[in-house]
Amino acid sequence: TWQDASVEFPDYVGSYVSMAIDSNDGIHIAAFDASDSDLVYMYLSSYNSNKLEKHVIDQSGSVGNWTQIKLNSSNVPYISYYNSTEAGQRDAVKLAYAKNVAGSVEAGVDDDGYTTGEWEYMTVPAITPPQGGDPKFQNVCLDFDSAGKPVVGYLGTNLEFGKWLDE
């Protein structure tokens, strides 16, 4: 049987939602906050939890469109997303990941709008500008290669992807 959650989600958060469930049945959600044009991360410890954690991860410009959240083998949340502020540019696709997940995931941006250092977020280099204004552009795809490194795919002039390279 289906069961409704007893959690109240924030106003204006509900566009470009993606979800992943970790190995402990925790629910990780990425979404666009339309009130501030921010990327937000939400967490529920289980399907029947009534305590929702919500954190702003990135607020540089209008970010958080077409999210995809995935967890690596250590349950670290990674989020790929689109930065609408950079539409038509090669800097429009971004990737964020939590740096410390021992205990709980913290905010990427504090109440004063400063980066906390709890999340890393970066631009994914593009060969051609991602086509965020094109109706065929529906998401930024994310997965991990066999070495556990993130791979981000998107629609540019052709289907393109960016693969994490160690320094």
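What you are looking at is a predicted structure, and each value in this text was computed from that prediction instead of being measured.

(A) Structural context of the nonpolar core. Tyr41, Tyr78, Ile79, Trp119, Phe137, Val140 and Val152 are the most contacted members of the largest nonpolar core, which totals 32 residues. Mapped by element, the contributors of at least two residues to this core are β3 (38-44), β5 (63-71), β6 (77-83), β7 (93-98), β9 (141-144) and β10 (150-155). Here valine 140 is in contact with Trp66, Gln68, Ser80, Tyr81, Tyr82, Val93, Val152 and Gly153, once residues within four sequence places are set aside. Ile29, Ala31, Val56 and Val109 belong to the second largest nonpolar core, which has ten residues in total.

(B) Here's a closer look at the pattern of salt bridges. One pass over the structure, following the stated rule, counts six salt bridges. Between lysine 54 and aspartate 33 there is a salt bridge whose closest N-O contact spans 3.8 Å. With a gap of 21 residues between them, lysine 54 in strand β4 (residues 53-58) and aspartate 33 in strand β2 (residues 27-33) connect regions that are remote in the sequence. Relative accessible area serves as the criterion here: at 34%, lysine 54 is assigned to the partly exposed category. The partner of aspartate 58 in a salt bridge is lysine 94, with the nearest N and O atoms 2.7 Å apart. Of this pair, aspartate 58 sits in strand β4 while lysine 94 sits in strand β7, placing them 36 residues apart in sequence.

(C) Quick peek at the side chain of asparagine 83. Looking at where asparagine 83 falls in the secondary structure, it is placed in strand β6. For asparagine 83, the contacting residues outside a window of four places in its chain are Ser60, Ser62, Val63, Asp91, Ala92 and Lys94.

(D) Region of interest: the pairing of strand β1 (residues 13-21). Where β1 lies against β2, six bridges are found, and the strand directions are antiparallel. Note on β2: the bridge partner recorded for serine 18 is alanine 30. Hairpin connection, β1 to β2: the antiparallel pair is bridged by five residues, and aspartate 25 has positive phi, about 70°.

(E) Summary view of the sheet that holds β10. What the three strands build is an open sheet, ordered β9-β10-β11; its pairing is antiparallel. Each edge of the open sheet is held by one strand with a lone partner, namely β9 and β11 (159-163). Here the average twist between neighbouring strands, direction ignored, is 25°.

(F) Representation of the environment of alanine 98 in the model. With respect to the helices and strands, alanine 98 occurs in strand β7. For alanine 98, a relative accessible area of 3% translates into the label buried. C-alpha separation for the pair alanine 98 and glycine 108, spaced ten residues apart in sequence, amounts to 8.2 Å.

(G) Quick look at the environment of glutamine 138. You can see glutamine 138 is positioned in the loop between β8 (119-123) and β9. Overall, the relative accessible area of 53% leaves glutamine 138 in the exposed class.

(H) Representation of the pairing of β4 within the structure. Where burial is concerned, most of β4 is hidden: five out of the six residues are buried. Across five bridges, β3 lies against β4 in antiparallel orientation. Within the sheet, the bridge partner assigned to valine 40 lies in β4 and is valine 56.

(I) Local environment of the side chain of threonine 128. Residue placement: threonine 128 occurs in the loop between β8 and β9. At 2.8 Å, the side chain of threonine 128 and the backbone nitrogen of threonine 157 are in polar contact. Within the local environment of threonine 128, its side chain forms a polar contact with the side chain of glutamate 160, the two groups lying 2.4 Å apart. In contact with threonine 128, other than residues within four places in its own chain, are Arg90, Tyr154, Gly156, Thr157 and Glu160.

How each quantity is defined
Counting of residues starts from 1 at the beginning of each chain's written sequence and follows it residue by residue. Two thresholds apply to this predicted model, a pLDDT of at least 70 for residue-level local features and 80 or more for giving and counting side-chain atom pairs, whereas whole-chain, interface and lining totals are computed over all residues. With hydrogens and water excluded, all non-hydrogen atoms of the structure serve as input to the side-chain values. Here, nonpolar core means buried Ala, Val, Leu, Ile, Met, Phe, Trp, Tyr and Cys residues that are tied together by side-chain atoms lying within 4.5 Å of each other. Think of it in three bands: with a 1.4 Å probe and only protein chains considered, a residue is buried below 20% of the maximum accessible area for its type, exposed above 50%, and partly exposed in between. We count a stretch as a helix when DSSP gives it H or I for four or more residues in a row; a strand needs E for two or more, and each element gets its number in order from the N terminus. The criterion used for residue contact is that any of the two residues' heavy atoms lie within 4.5 Å. By salt bridge we mean one thing: a side-chain nitrogen of Lys or Arg within 4 Å of a carboxyl oxygen of Asp or Glu. At least two bridges found by DSSP between two strands are what make those strands a pair. Only the stretch in contact is used when fitting a helix axis, every axis being a line fitted to C-alpha atoms; angles between N-to-C directions are given from 0 to 180 degrees. Between N or O atoms, a polar contact is any pair within 3.5 Å; within protein, one atom must be a potential hydrogen donor and the other a potential acceptor, and residues adjacent in sequence are included only when both atoms are from side chains.

By themselves, these figures tell us nothing about what the structure is for.
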